[in-house]
Each structure stands twice: as structure tokens, then as C-alpha cells.
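# Architecture and fold: a report
One-letter residues, chain by chain:
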Amino acid sequence: MEPRPDGRRQPQGSPGSAGSAGSVGDDNPWHTGAACRRDEVGLFFAPSKEPTAARLSREEQAKQVCARCPVLLECREHALAQPEPYGVWGGLTAAERRVVLARRRRRDTELREAARVAAAGRRIAG
Ligand code: SF4
């Protein structure tokens, strides 16, 4: 973990900390190609009590950095898998990641139910 500009903590390799990515001992090589830089960390994480208009503008700027990032998909999947609760990762805000995760959970539930129905159908037919 390393301190964020606002004094809170952020995970090593988080957006804006890519300048340290790929250093010796780093076990997350996906972010060695990150487009975000250490001096951009303020774009990716909200300061406390950020007004909505400022947040939307900041998030849009962060997403523009992500849009040209060669490791966008790896970053996004990392943030979804953790899951990372704060900041813009892989071009998605925390709220957008929660929507993606909810959709995935719903899809997984539907797939399990479809498999259960198919298995029951096979038992009846067999
Ligand atoms: S996708 Fe965005 S947050 Fe992730 S490494 Fe690239 S620029 Fe940084």
C-alpha cells in the first residue's frame, strides 16, 4: 500500500501508481503497460467531499486515460475480481463496477438454474 495524495491509502499498482509498476519484486505485471501515471492519481480517486459535477468531470478525464491504455481489460478484471471499492479502474467507476458485478451474479444464477433444469429433464427422459 502507498499513501494517496489525500493521505488515505491505495493499493500498490492502483490507477495512477503505475509508475512503480513492474519494479523488482512486483507480482502484478499486467500494469507495467499502464497508461496512467503517478502524477495522475488525483484523477482516479475522489478527494473527500467532492462535489458531483467535479466528480463527473474528474471521472471522465480518468476514463479518457483508460481509453488509450493497453492493459484496460486486465485492469478492469483485476478491479472486478478484488473487488476494488474505490476509484476508476479499467475505465469503470466504482458504481459501474458494482453494476457489472450484479449482472455477472445474475447471469451465473441463470446459468446454474438452466443447468439444473436441463439435468432434471435428462433424469425424467432417461
Ligand atoms: S485501465 Fe485506466 S486505471 Fe487501469 S491501468 Fe490503464 S489507465 Fe490505469
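Residues numbered from 1 in each chain as written. Predicted model: local features only at pLDDT ≥ 70, side-chain atom pairs only at ≥ 80, totals over all residues. Heavy atoms only, no water.

Where an unreviewed UniProt entry is consulted, the protein chain appears under the name Transcriptional regulator WhiB, with the organism given as Streptomyces kaniharaensis. The UniProt entry for the protein chain carries the following comment under Function (unreviewed entry): "Acts as a transcriptional regulator. Probably redox-responsive. The apo- but not holo-form probably binds DNA." According to the UniProt record, the Subcellular location (unreviewed entry) comment for the protein chain reads "Cytoplasm". (UniProt positions renumbered as here; feature names shortened; annotations may be inferred.)

Attention now moves to the side chain of Thr93. The residue Thr93 is located in the loop between α3 (72–81) and α4 (94–125) in this model. In this view, Thr93 contacts Glu59, Lys63, Gly87 and Val88; residues no more than four positions away in its chain are not counted. (Helix = DSSP H or I, 4+ residues; strand = E, 2+ residues; numbered from the N terminus. Contact = heavy atoms within 4.5 Å.)

The first and last C-alpha atoms of helix α2 (residues 52–67) sit 22 Å apart over 16 residues, in line with the 22 Å expected at 1.5 Å per residue. Of all the residues in α2, the buried ones are Arg58, Glu59, Ala62, Val65 and Cys66. Projected down its long axis, α2 carries its buried residues within an arc of 110°, all on one side. Every exposed residue of α2 that faces more than 90 degrees away from the buried side is listed here: Ala53, Gln64 and Ala67. Against α1 (41–44) and α3 lie the buried residues of α2. (Expected span 1.5 Å × (residues − 1). Buried < 20%, exposed > 50% of the residue type's maximum accessible area, 1.4 Å probe, protein only. Arc of directions from axis to C-beta.)

Attention now moves to the site of the ligand. With respect to spatial proximity, the complete set of residues near the ligand consists of Pro15, Ala34, Cys36, Phe44, Val65, Cys66, Cys69, Leu72, Cys75, Val88 and Gly90. A per-class count over the shell around the ligand returns ten nonpolar, one polar and no charged. (Near = heavy atom within 4 Å. Nonpolar A, V, L, I, M, F, W, Y, C, P; charged D, E, K, R; others polar.)

In the numbering adopted here, UniProt assigns the feature "binding site: [4Fe-4S] cluster" (unreviewed entry) to Cys36, Cys66, Cys69 and Cys75. The largest pairwise C-alpha distance within this set of annotated residues, which runs over 40 residues, is 11.1 Å, so the set is compact in three dimensions. Beyond its immediate chain neighbours, meaning those up to four positions away, Cys66 contacts Phe44, Leu72, Val88, Gly90 and Gly91. When its relative accessible area of 16% is taken as the criterion, Cys69 is described as buried. Non-local contacts of Cys69, meaning those with residues more than four positions away in its chain, are made with Gly33, Ala34 and Ala35.

This part covers unusual backbone geometry. Of note, the amide linkage connecting Gln82 to Pro83 takes the cis form, showing an omega dihedral of -15°. Considering the arrangement of structural elements, one finds Pro83 in the loop between α3 and α4. Positive phi outside glycine occurs at Lys49, with the angle close to 55°.

Formed by 17 residues in total, the largest nonpolar core has its most connected members in Phe44, Val65 and Trp89. Only α1, α2 and α3 provide two or more residues apiece to this core. If we skip the residues at most four places from it in the chain, Val65 touches Ala35, Cys36, Glu40, Leu43 and Phe44. (Core = buried A, V, L, I, M, F, W, Y, C linked by side-chain atoms within 4.5 Å.)

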